[in-house]
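# Report on the structure
Chain residues, written in single-letter form:
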Amino acid sequence: SSSLRFEVVGEAFKKKAVEVPAPAERPSEFFGKYVFTRQKMFKYLPADVYKKMCDVIDNGASLDLQTADVVAAGMKKWAMELGVTHCTHWFQPLTEGTAEKHDAFVEHDGKGGMVEEFSGKQLIQQETDASSFPNGGIRSTFEARGYSAWDTASPVFVLGDTLMIPTIFISYTGEALDYKAPLKKAIHAVDKAATDVCRYFYPDVKKVISNLGWEQEYFLVDEGLYATRPDLLMTGRTLMGHESAKNQQMDDHYFGSIPERVAEFMKDLEIQALELGIPCKTRHNEVAPNQFELAPIYEETNLAVDHNMLLMSLMKKIARKHGFRCLLHEKPFAGINGSGKHNNWSLATDTGILLHGPGKTPTDNLRFVTFIVETLMAVYRHNGLLKASIMSATNAHRLGGHEAPPTIISSFLGQQLSDILEHLEHSTDDELIDVASKHGMKLDIPQIPELLFDNTDRNRTSPFAFTGNRFEFRAIGSQANCAAAMIALNAAMAEALIDFKTRVDALIANGVDKTKAILQVVREDIKTCKPIHFDGNGYSEEWQEEARRRGLDTERSCPLIFDRYLDESSVKMFETTHVFTRNEIEARNEIKWETYTKKVQVEARIFGDMCMNHIIPVATRYQSALIDNVHKVQEVFPAETAARLNAKNLELIEKISEHTSFIAENADRLVENRKVANRIENVREKAIAYHDTVAPMLESIRYHVDKLELIVDDEMWPLPKYRELLFIR
Ligand code: ADP
Ligand code: MG
């Protein structure tokens with residue numbers, strides 16, 4: 001009831017910041033405190049085993065059980081010094097977030113007691129019942145058993161009393177049931193392909209690393225207010241609620257207590273993240289009210305993904321300690337900025353060269369344009385797939401909105417890079433190469449190093465923007481696992497580089513000089529991938545039309561966008577890079593459609609319930625009060641005066657009737673449409689039905705609920721309003 005609303009609002013105002021004591025040590029000293037880093041490996045493992053582990057981590061050497069036993073013993077010693085009693089394999093199933101399978105460190109000692117045990121076998125592999133996780137039908141065709149296996153590239157860490165072991169999660173028959181296994185394959189594929197291309201320029205390169213620097217946006221909402229909104233509680237977003245007035249003048253006390261509660265939360269989060277080895281940069285700029293952002297320094301992609309997953313769960317946990325709920329939903333509030341994740345991505349060599357960054361020598365310049373153009377080729381060829389990789393029921397609410405990237409993937413390059421590509425396209429080899437020069441070549445590409453300052457994020461509308469020495473993929477959903485996008489992007493890049501090298505090698509085999517061969521293929525690709533390059537306003541109507549003319553994917557329906565995974569070009573790309581088999585792609589798409597349906601289904605249920613049990617009764621009660629008042633006015637005043645005085649109320653009474661009857665009738669239709677959709681067997685068709693016939697009704701009914709919110713007496717309204725959710729902190 002509304003009294004609950006006022007109670008929680010009152011309590012929220014009174015909440016005091018939970019003070020977080022400043023750590024005694026400096027950040028550089030407590031950074032990685034709970035991580036089994038190389039330093040700790042060196043300290044807790046015998047020298048030969050330490051060396052072996054380095055070989056495993058750096059070069060993918062295999063790990064035998066004896067070595068694993070020794071490693072486990074060292075880990076156990078370190079962990080027990082931190083008070084750890086349990087261990088768990090930590091993995092990333094195809095639902096949201098992460099999953100864990102806890103085991104105690106104890107075993108029977110055979111004498112009626114227990115001993116602390118942690119074997120190499122427990123460390124490297126565990127059996128898990130895969131049937132309790134989504135597997136897209138792999139379960140029905142194969143055995144239900146699944147395995148989690150240690151990912152040695154991501155260090156184990158301690159969370160509370162538990163030793164956390166990052167693992168991949170695969171079925172008994174080897175199909176990936178998680179994000180990490182295919183991500184590692186995609187990273188491997190791009191490493192191999194990029195290393196091969198790098199050798200044209202730098203023969204000493206042995207390895208190419210995929211970098212990821214994510215920026216994570218989120219909202220904080222007072223926990224008490226959150227708890228009184230069934231929609232927030234059950235779906236992570238508000239399914240109804242009128243926008244609070246723009247540029248609302250806030251009372252001083254709105255802001256008085258704010259920074260403190262939030263600041264303490266941020267301090268807490270940052271300390272704990274640093275202790276877990278997440279290299280946070282202190283940068284929490286706020287966009288919408290109660291919206292914040294956190295970005296660490298970029299890391300190797302596999303590790304960066306683990307750190308993002310870990311950070312999201314830390315955020316949720318720490319928020320509760322401070323009396324908040326952390327909303328990671330992409331669009332918790334209509335009409336207000338949504339939350340996304342920017343994935344800053346680049347490739348770098350083991351010799352320290354940033355492949356997407358310009359350099360100083362002609363060789364660097366040619367390498368730079370090669371990697372930029374092949375990235376554009378990857379994004380061009382697979383623009384529909386890349387969109388599918390970031391699409392979800394929740395992110396669909398944000399994309400195409402007026403603060404988020406549009407539902408068309410294109411790439412912003414900026415003036416200078418655009419000029420360079422144009423110049424390359426229109427110059428002859430001889431114009432570009434001065435054979436007489438000292439280096440044997442002199443790439444006439446003017447001023448590349450100065451690119452750096454042109455490309456900050458001037459164009460916020462671009463989903464895939466070049467930002468000086470990296471690309472920034474901005475369409476990722478705030479609650480998504482970054483891996484989905486990174487799998488598609490790195491695999492597509494691997495394919496582009498393999499294709500590039502095949503064509504260059506063919507020219508070289510025909511006697512063309514290496515530099516000329518590279519230039520020719522680059523020039524050909526500049527022409528081919530032109531449609532993906534767009535520096536204009538991605539929000540404009542014209543862009544929709546223009547993109548369609550260019551042949552870019554402009555589909556907006558989430559279930560249909562998932563089809564792009566099954567395009568022949570996608571399957572071929574994933575199979576040739578050994579990232580996914582067709583079977584795996586099909587299984588994963590089943591899960592995507594199922595998840596989509598479930599999300600909309602839950603929203604529709606909660607929404608219908610809120611309409612019938614919260615909104616209509618309150619609106620009707622207020623309407624009765626107005627009717628009573630009309631009667632009383634008629635009793636007290638002469639007919640003519642009464643008619644004049646009652647005019648406004650009569651108008652409201654009528655409006656309330658119109659809104660409530662629309663809501664009631666359509667809530668019934670919503671149930672009907674769900675029933676029809678539920679009878680559809682095919683998961684894809686079912687998701688399409690939910691998209692086409694259920695989801696739009698939530699919007700059309702909501703309009704009337706939000707209108708009622710403006711009419712009904714504030715004292716009676718049962719749900720915390722936007723201004724309360726967004727400005728109390
Ligand atoms: P913004 O201009 O978007 O605010 P920042 O400079 O704060 O960007 O960086 C955002 C993220 O990009 C950080 O995680 C940062 O470490 C990362 N980043 C910077 N350079 C690179 C790069 N070459 N490759 C990948 N990530 C990078
Ligand atoms: Mg950014």
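Up top is the structure these notes are about.
So, here's what we can say about the structure.

Calculation rules
- Residues numbered from 1 in each chain as written.
- Chains lettered and ligands numbered in written order.
- Predicted model: local features only at pLDDT ≥ 70, side-chain atom pairs only at ≥ 80, totals over all residues.
- Buried ≥ 20, exposed ≤ 12 C-beta atoms within 10 Å, placed from the backbone.
- Helix = DSSP H or I, 4+ residues; strand = E, 2+ residues; numbered from the N terminus.
- Pairing = 2+ DSSP bridges.
- Axes fitted to C-alpha atoms, helices over the stretch in contact; angles between N-to-C directions.
- Parallel < 35°, antiparallel > 145°, perpendicular 65-115°, else oblique.
- Left-handed = near helix turned anticlockwise from the far one by under 90°.
- Nonpolar A, V, L, I, M, F, W, Y, C, P; charged D, E, K, R; others polar.
- Contact = placed C-beta atoms within 7 Å.
- Near = placed C-beta within 6 Å.
- Core = buried A, V, L, I, M, F, W, Y, C linked by C-beta atoms within 7 Å.
- Expected span 1.5 Å × (residues − 1).

Glancing now at the pairing of strand E13 (residues 324-327). Here E13 shows no split at all, with Phe324 and Cys326 on one side and Arg325 and Leu327 on the other all buried. As defined by bridge partners, strand E9 (residues 208-222) adjoins E13 across four bridges and the pair is classed as antiparallel. Within the sheet, the bridge partner assigned to Phe219 lies in E13 and is Leu327.

In a pair of packed helices, the angle between the axes and the distance between the axes together describe the arrangement. Between helix H24 (residues 582-636) and helix H26 (residues 683-711), the shortest axis-to-axis distance is 9 Å and the interhelical angle comes to 25°. Viewed along their axes, H24 and H26 adopt a mutual orientation that is roughly parallel. For H24 against H26, the interelement crossing comes out left-handed. When its residues are assigned to classes, the contact of H24 with H26 shows 17 nonpolar, two polar and five charged.

Between helix H8 (residues 180-198) and helix H13 (residues 301-321), the shortest axis-to-axis distance is 10 Å and the interhelical angle comes to 150°. Put simply, H8 runs roughly antiparallel to H13. Where H8 approaches H13, its residues Leu183, Lys184 and Ile187 are matched on the opposing element by Thr301, Asn302 and Val305. Split into classes, the residues belonging to the contact of H8 with H13 amount to three nonpolar, two polar and one charged.

Turning our eyes to something else, we now look at the environment of Arg702. With respect to the helices and strands, Arg702 occurs in helix H26. As for Arg702 and His242, which are separated by 460 residues in sequence, their C-alpha atoms are 9.3 Å apart. Beyond its immediate stretch of four places on either side in the chain, Arg702 contacts Leu239 and Met240.

Glancing now at the site of ligand 1. Neighbouring ligand 1 are 15 residues; Gly213, Tyr298, Asn344, Ser346 and Arg470 lie closest to it. Elements that contribute at least two residues to the shell around ligand 1 include exactly E9, strand E11 (291-296) and strand E14 (340-349). Residues that form the shell around ligand 1 fall into these classes: six nonpolar, six polar and three charged.

Val190, Met486 and Ala491 are the most contacted members of the largest nonpolar core, which has 200 residues in total. Residues within four places of Val190 in sequence aside, it is in contact with Val208, Ser210, Leu347, Asn490, Met493 and Ala494.

This part takes up unusual backbone geometry. At Asn290, a residue that is not glycine, the phi angle is positive and equals roughly 65°. Within the secondary structure, Asn290 is located in the loop between strand E10 (280-281) and E11. For Asn290, a count of 23 C-beta atoms within 10 Å corresponds to the buried category. The phi torsion at His578 lies on the positive side, around 60°, for a residue other than glycine. As for its placement among the helices and strands, His578 is situated in the loop between helix H23 (568-576) and H24. According to the C-beta neighbour criterion, His578 is partly exposed, with 15 such atoms within 10 Å.

End to end, helix H20 (residues 514-528) covers 21 Å across 15 residues, agreeing with the expected 21 Å (1.5 Å per residue, within 8%). Residues Thr515, Ala517, Ile518, Leu519, Val521, Val522, Arg523, Asp525 and Ile526 constitute the buried set of H20.

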